[in-house]
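# Structure assessment
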Amino acid sequence: MSDETRIFQNSVRQFIEAELVPNHARWSERGYPDASAWLKAGQVGLLLPDVPEKYGGGGGTFAYEAVIIEELARSGVHFGFNIQSIVAHYILAYGSEEQKLRWLPRMAAGELVGAVGLTEPNSGSDLQGTRTTAQKDGEHYVINGSKTFITNGWQAGLVCLAVRTDPRLSGPRALSLLVIETKDLPGYRVGQPLEKVGRHAQDTCELFFDGVRVPAGNLLGPSEGRGLFQMMDQFRYERLSIGLSAVAAAERAIEITIAYVKDRKAFGKPLLDLQNTRFKLAECRTEAHVGRVFVDNCIQQFINGQFDAVTAAMVKYWLTDSQCRIVEECVQLHGGYGYMQESAIARLWTDSRVQRIYGGANEVLKEVIGSSL
Ligand SMILES: Cc1cc2nc3c(=O)[nH]c(=O)nc-3n(C[C@H](O)[C@H](O)[C@H](O)COP(=O)(O)OP(=O)(O)OC[C@H]3O[C@@H](n4cnc5c(N)ncnc54)[C@H](O)[C@@H]3O)c2cc1C
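Residues numbered from 1 in each chain as written. Predicted model: local features only at pLDDT ≥ 70, side-chain atom pairs only at ≥ 80, totals over all residues. Heavy atoms only, no water.

## Here's the deal with the site of the ligand
The ligand sits among 17 residues. The nearest are Val116, Thr119, Ser125, Phe149 and Thr151. Here an oxygen atom of the ligand and a backbone polar atom of Leu118 are 2.9 Å apart. Side-chain polar atom of Glu363 to an oxygen atom of the ligand: 2.9 Å apart, as the coordinates give it. Taking 970 Å² as the accessible area of the ligand by itself, protein coverage stands at 65%. When residues of the shell around the ligand are assigned to their parent elements, the largest contribution, three residues, is made by strand β3 (residues 140-151). Grouping the constituent residues of the shell around the ligand by class yields nine nonpolar, six polar and two charged. (Near = heavy atom within 4 Å. Polar contact = N/O pair within 3.5 Å; in protein donor to acceptor, adjacent residues only side chain to side chain. Areas by Shrake-Rupley, 256 points an atom, 1.4 Å probe, with all protein chains shown as cover. Helix = DSSP H or I, 4+ residues; strand = E, 2+ residues; numbered from the N terminus. Nonpolar A, V, L, I, M, F, W, Y, C, P; charged D, E, K, R; others polar.)

What follows is the structure, encoded as structure tokens:
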């Protein structure tokens, strides 16, 4: 943290408290946020904080993105800012100057909501199993297939889509990334937000492509066949973001639980006076602290341009496992109240579980680490 990021943190916190927290229950019931929230976030500079100013972003480092991830986790609010940034970084890394100027300023303003479309009904971990095809037809690609579990899908105006551009190839060079502008696009359809066990305010949808035509110029990168390599590279950003959100959520769980066990009495004294409670929370605090030091180190490496794919796998796998261990202990210390919908710790429990699954299932990430040994 620097003076500048602290000032930014204040404005992020104020925005979350004024604009997101009061609406969160309503969005949770409905399954997606208001489009106006995206525009308001854009107006106050919360979108694309680590994208250069010439493309409408905040011009900061990943430290600014980190502030937003932490503040959201601390408030227990789920909103797709980080996915917006992930899409922007695909465009920033592989887009032409014309593509960057076309899409990034509108994303920074919240006019275009971004989504990443990789997972399909029959292929999640195994991206090489991607079946959605994009066949060249003159100056266009024609897309057929479907995607599932796509965060921000309901409002996405821009989808960074993994497609099979060469049906004859089976290896990694068969895949490419295409950017799809979805507004009024014939053949494009979004399913109703899926009913998840947690994170209800954040939409997760199926996307369908039936003969969708997009300009060939929407390909990311200079040629076809680079999609898998581009994804592998950008996963570093996503995995660091998830790891950070995991630590922040674990810290929040511990704070909530400390307050609870100081207040709740059993056998004539606060739960905190029981040695087991103190030992469990001591273990949680220590583990969260180790996680915090690790993630801070990773953020610094990322800012220095030295963050590799193996460390990214470590930070995502270990910190999300740690988050689930900590939250699980915290639920136990709440007793029956920890199982009630309205309790903050119960929501943290259901919201946490998916962290070990998306962004690369933790088992897949252990393979990434293992293959480097
Ligand atoms: C709430 C939510 C939001 C999501 N958001 C997005 C999004 O925005 N965009 C997007 O593209 N996708 C998104 N996903 C999809 C997510 O990335 C996938 O669910 C995830 O990659 C796992 O793929 P899968 O579900 O097909 O599981 P599978 O690939 O079928 O794997 C099932 C399980 O098998 C095990 N496994 C798989 N491969 C291996 C291996 N090599 N070694 C050992 N064990 C293995 C793991 O335990 C894994 O959890 C989201 C999912 C959820 C639930």
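## So, empty space enclosed by the protein
Going through the model one piece at a time under the given rule, you end up with one cavity of 30 Å³ or more. Considered as a void within the structure, the largest cavity measures approximately 30 Å³ in volume. With four residues, helix α8 (residues 309-333) is the largest single contributor of residues to the lining of the largest cavity. Counted by class, the lining of the largest cavity contains six nonpolar, three polar and one charged residues. (1 Å grid on protein atoms, 1.4 Å probe; cavity = no way out; pocket = protein on both sides within 12 Å on 5 of 7 lines; lining within 4 Å. Points joined across faces, edges and corners; volume = space filled by probe spheres on them.)

## Quick word on the packing of aromatic side chains
Counted by the stated rule, this structure contains 13 aromatic pairs. Plain terms: the ring middles of Tyr32 and Trp154 are 5.2 Å apart, the flat faces sit at 40° to each other, and that makes the pair tilted. Of this pair, Tyr32 sits in the loop between α1 (3-30) and α2 (35-43) while Trp154 sits in the loop between β3 and β4 (156-164), placing them 122 residues apart in sequence. Between the aromatic rings of Phe79 and Phe81, the centroid separation amounts to 4.6 Å while the plane-to-plane angle is 40°, which identifies the pairing as tilted. Overall, the relative accessible area of 3% leaves Phe81 in the buried class. Counting every residue linked through ring pairs, the aromatic cluster contains Trp27, Trp38, Phe79 and Phe81. The positively charged end of Arg30 is found above the aromatic ring belonging to Tyr32, 4.1 Å away from the centroid. A cation over an aromatic ring shows up here: Arg189 above the ring of Phe208, its NZ or CZ 4.3 Å from the ring centre. (Phe/Tyr/Trp six-rings, centres within 6.5 Å; stacked < 30°, edge-to-face > 60°. Buried < 20%, exposed > 50% of the residue type's maximum accessible area, 1.4 Å probe, protein only. Lys NZ or Arg CZ within 6 Å of the ring centre and 35° of its normal.)

Spatial relationships are all this shows, so hold off on functional conclusions.
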